[in-house]
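Read off the chains here:
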Amino acid sequence: MKINNNSINDKEINKNDTPNALISSDDLLKFFNLERDNVQKFSITHKKDGVYVSITLNQTYCQCPVCGNMTNRVKDYKDKKITHSILTITSCYIIYHARRYQCTHCKKSFYENNPFTFGGRLSVVTVSNVLKDLKSPNATFTDVARRYGISITTAISLFDRHVHISRRQLPECLALDEVYAFKSHDSDYVCVIVDYLDKKIIDVLPSRHKNVLINYFMLIPREEREKVKYISFDMWNTYRIVTKHVFPNAVCITDHFHVIQELNRRVDKVRIRIQNRYKKIKETLKQKEKDKTITKEERLELEEASRYYYVLKKFNWLLFSTNNKIFDDNNEKKLNHVLNRYCNYSDLFTYMLSIDEELETASNLKDQVVYFYDHCNHDNAKKKLEEIIIDFRSCPVEEMAPFANTLTNWKNEIINSFIIVDDRSKRKMNTAIVENRNKTIKLIKHASNGYLNWERFRNRILYTLNDDTTYYFTCIRKDRN
């Protein structure tokens, strides 16, 4: 690489650099967004704390910002040190020999145009690199600041000054959900609003409380709110109240995932109750065995209780698995030393249900609801759902019977979940896309050990999760003192 430490004219840097040179002089100037014709002097010096690049631009005619007169009279020069992150293996600084002109008409002095910075001590490239790296959800201000040789406060300040994401237009299909990500004085949850079809985040709010949601949506013009046709959410009643209040033409939809999730919790309560019953029997008989007062019949009962407890504890996930392949009777059977028999997962599941009739009843009701979601459509969903509600009401299992009230309370929203909202892909609405975005939001929070500034956290979410969002090259607000 042929670079001499003075000027950048033909005598100092040879135009005919050999083809074997690693970097030509013209290529090197491109690192600083410069052309050969714009540079008067250019030199590089290596020091202990990094690489120093001294640059002086060519003298030109400039327009006075006060009176508009053109002048090329130079008053003086001032050296400006600019952090330039073009190199990753070491720090790089530009020593810019800034020229100050004086107007021949009004005698005012002013600096020539600075092609390196936005007006501060960081180059345009450094600002751009910092903001591009912060597009990644697992990037932190600390990591980015260390990478580009700036302070953490400076990295945060750059983000606050150059990134501000506005709310997107409300779509036809809206999905609402909350995530535990930001703790404010009145809420621990962030409300996430997502365009279901476009998969973009519309906005995020610092609370899911009813008054916060209503105040937010009521500030949006009614004409825009009337365009919303479908809104999907979980079984949080506030969302239904807000939807009916602010979206006059919207159909409420309850996500089937949350219905099944609530049902699974009830089935698991049945399993835990039965499991604890056998646990108590097991502990009582174990004590008798320890005291050597156990009878032969009680020993057999202990062995049976131990097997039941083992299956209910270790293979509880079989009650909620949706993978039909593992329930194939033809799957290979392996020796289970606790049960002292060869069995596969299908055998274990059958054995588990045979332990107690209430558990079998609860599992059958759960399968009935799963079948309902897998095989019904909007035309026959109402009739089938009413039959399921009757079955739950007549169920003798104490944990399962109250679920009939849940299905009745959300009956219309459950039926609406079978509506096809996209004719091209035959898609029905759910909140899966919001759950996916919530994972990324949690990653942003955990990577940074939490945020205290809501506006910064909101902008970081929208900037990171929406791939079409970008930053402003000019500052959008002044530095905070």
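Refer to the structure presented above.
Residues numbered from 1 in each chain as written. Predicted model: local features only at pLDDT ≥ 70, side-chain atom pairs only at ≥ 80, totals over all residues. Heavy atoms only, no water.

Student: Would you mind going over the overall build of the protein with me for this structure?
Tutor: On a plain count of helices and strands, the protein comes out with 16 helices and 17 strands. Scaling as 2.2 N^0.38, a compact globule of 481 residues should have a C-alpha radius of gyration of about 23 Å, whereas the protein reaches 34 Å, well beyond that. When its C-alpha atoms are laid out on the principal axes, the protein stretches across 110 × 60 × 45 Å. Of all intrachain contacts in the protein linking residues separated by at least 6 positions in sequence, the fraction that spans at least 24 positions is 59%. Carbon and sulfur atoms make up 48% of the accessible area of the protein, which amounts to about 26,600 Å² in all. In the protein, the 78 positive side-chain charges and the 61 negative ones have mean positions that sit 8 Å from each other. (Helix = DSSP H or I, 4+ residues; strand = E, 2+ residues; numbered from the N terminus. Rg over C-alpha atoms; globule rule 2.2 N^0.38 Å. Contact = heavy atoms within 4.5 Å. Areas by Shrake-Rupley, 256 points an atom, 1.4 Å probe, with all protein chains shown as cover. Lys, Arg positive; Asp, Glu negative; His and termini not counted. Charge placed at Lys NZ, Arg CZ, Asp CG, Glu CD.)

Student: Looking at this model, I keep getting lost on unusual backbone geometry. Mind explaining?
Tutor: Trans peptide bonds make up most of the peptide bonds, and negative phi angles are found at most residues other than glycine. In the Ramachandran plot, Lys292 falls in the positive-phi region, its phi being about 60° despite a non-glycine side chain. Within the secondary structure, Lys292 sits in the loop between helix 8 (256–290) and helix 9 (296–314). On the accessibility criterion, Lys292 (76% relative accessible area) is exposed. (Buried < 20%, exposed > 50% of the residue type's maximum accessible area, 1.4 Å probe, protein only.)

Student: Before we go on, may I ask you to explain the pattern of salt bridges in this structure?
Tutor: When their charged atoms lie close together, side chains carrying opposite charge are able to pair. Under the definition given, this model contains 27 salt bridges. With a closest N to O distance of 2.9 Å, Glu289 and Arg299 form a salt bridge. Of this pair, Glu289 sits in helix 8 while Arg299 sits in helix 9, and the two are ten residues apart along the sequence. A relative accessible area of 30% means that Glu289 is categorised as partly exposed. Across the salt bridge formed by Asp367 and Lys366, the nearest N and O atoms sit 3.1 Å from each other. (Salt bridge = Lys/Arg side-chain N within 4 Å of Asp/Glu carboxyl O.)

Student: Even after reading the chapter, I still don't get the packing of aromatic side chains, so can you show me in this structure?
Tutor: Working definition: an aromatic ring pair is given by the centre-to-centre distance plus the angle between the planes. For the coordinates displayed, the defined rule picks out 23 aromatic pairs. Their ring planes at 65° and their centres at 6.4 Å tell us that Phe233 and Trp410 sit as a pair that is edge-to-face. Remark: Trp410 occurs in the loop between helix 13 (403–409) and helix 14 (411–416) and Phe233 occurs in strand 12 (residues 230–233); sequence separation between them is 177 residues. A centroid spacing of 5.0 Å and a plane angle of 75° characterise the contact between Tyr278 and Tyr308, whose relative ring orientation is edge-to-face. Separated by 30 residues along the polypeptide, Tyr278 in helix 8 and Tyr308 in helix 9 bring together distant segments of the chain. (Phe/Tyr/Trp six-rings, centres within 6.5 Å; stacked < 30°, edge-to-face > 60°.)

Student: Help me understand the nonpolar core, please; the structure alone is not making it clear to me.
Tutor: The nonpolar side chains of soluble globular proteins are, as a tendency, buried together. One finds Ile193, Phe217, Phe247, Phe372, Phe392, Met400 and Leu407 to be the most contacted residues of the largest nonpolar core, which totals 67 residues. The dominant element in this core, judged by the number of residues it contributes, is helix 8, at seven residues. Once residues within four sequence positions are removed from consideration, Phe372 is found in contact with Ala381, Lys384, Leu385, Ile388, Ile414 and Phe418. Leu131, Ile165, Phe457 and Leu465 belong to the second-largest nonpolar core, a separate cluster that totals 44 residues. (Core = buried A, V, L, I, M, F, W, Y, C linked by side-chain atoms within 4.5 Å.)

Student: Help me understand the side chain of Asp195 in this model?
Tutor: The residue Asp195 is located in strand 10 (residues 190–195) in this model. Although buried, Asp195 forms no salt bridge, and the nearest oppositely charged side chain, Arg168, lies 6.3 Å from it. Those residues in contact with Asp195, other than ones at most four positions away along the chain, are Pro171, Cys173, Lys200 and Ile202.

Student: Could you clarify how one ought to interpret helix 5 (residues 210–218) in this entry?
Tutor: Residues spaced three or four apart along an α-helix point in a common direction, a consequence of the helix completing one turn every 3.6 residues. Taken as a whole, helix 5 has its buried residues at Leu213, Ile214, Tyr216 and Phe217. Along the long axis of helix 5, the arc covered by the buried residues comes to 165°, so they all point the same way. Its buried side turned inward, helix 5 meets strand 10, strand 11 (201–205), helix 6 (222–225) and helix 7 (237–246). (Arc of directions from axis to C-beta.)

Student: Any chance you could explain the packing of helix 4 (residues 152–162) against helix 16 (residues 454–465) here in plain terms?
Tutor: A pair of packed helices is captured by two measures, namely the crossing angle of their axes and the spacing between those axes. For the pair helix 4 and helix 16, the least separation of the axes is 10 Å and the interaxial angle reads 75°. With respect to their mutual orientation, helix 4 and helix 16 come out roughly perpendicular. Where helix 4 abuts helix 16, its residues Ile156, Phe159 and Asp160 lie against Arg456, Asn459, Arg460 and Tyr463. Split into classes, the residues belonging to the contact of helix 4 with helix 16 amount to three nonpolar, one polar and three charged. (Axes fitted to C-alpha atoms, helices over the stretch in contact; angles between N-to-C directions. Parallel < 35°, antiparallel > 145°, perpendicular 65-115°, else oblique. Nonpolar A, V, L, I, M, F, W, Y, C, P; charged D, E, K, R; others polar.)

Student: Whenever I open this one, the sheet that holds strand 12 confuses me. Can you help?
Tutor: Taken in spatial order, the five strands of this open sheet run 11-10-9-12-13, and their pairing is mixed. Because the sheet does not close on itself, it has two edges, and the strands there are strand 11 and strand 13 (251–254). With direction set aside, neighbouring strand axes in the sheet form an average angle of 20°. Pairing analysis gives four bridges linking strand 12 to strand 13, with the strands arranged parallel. Bridge pairing in strand 13 places Ser232 opposite Ile253. Strands strand 9 (173–179), strand 10 and strand 11 of the sheet are contacted by helix 15 (residues 432–447), whose axis makes an angle of about 40° with strand 9. (Pairing = 2+ DSSP bridges.)

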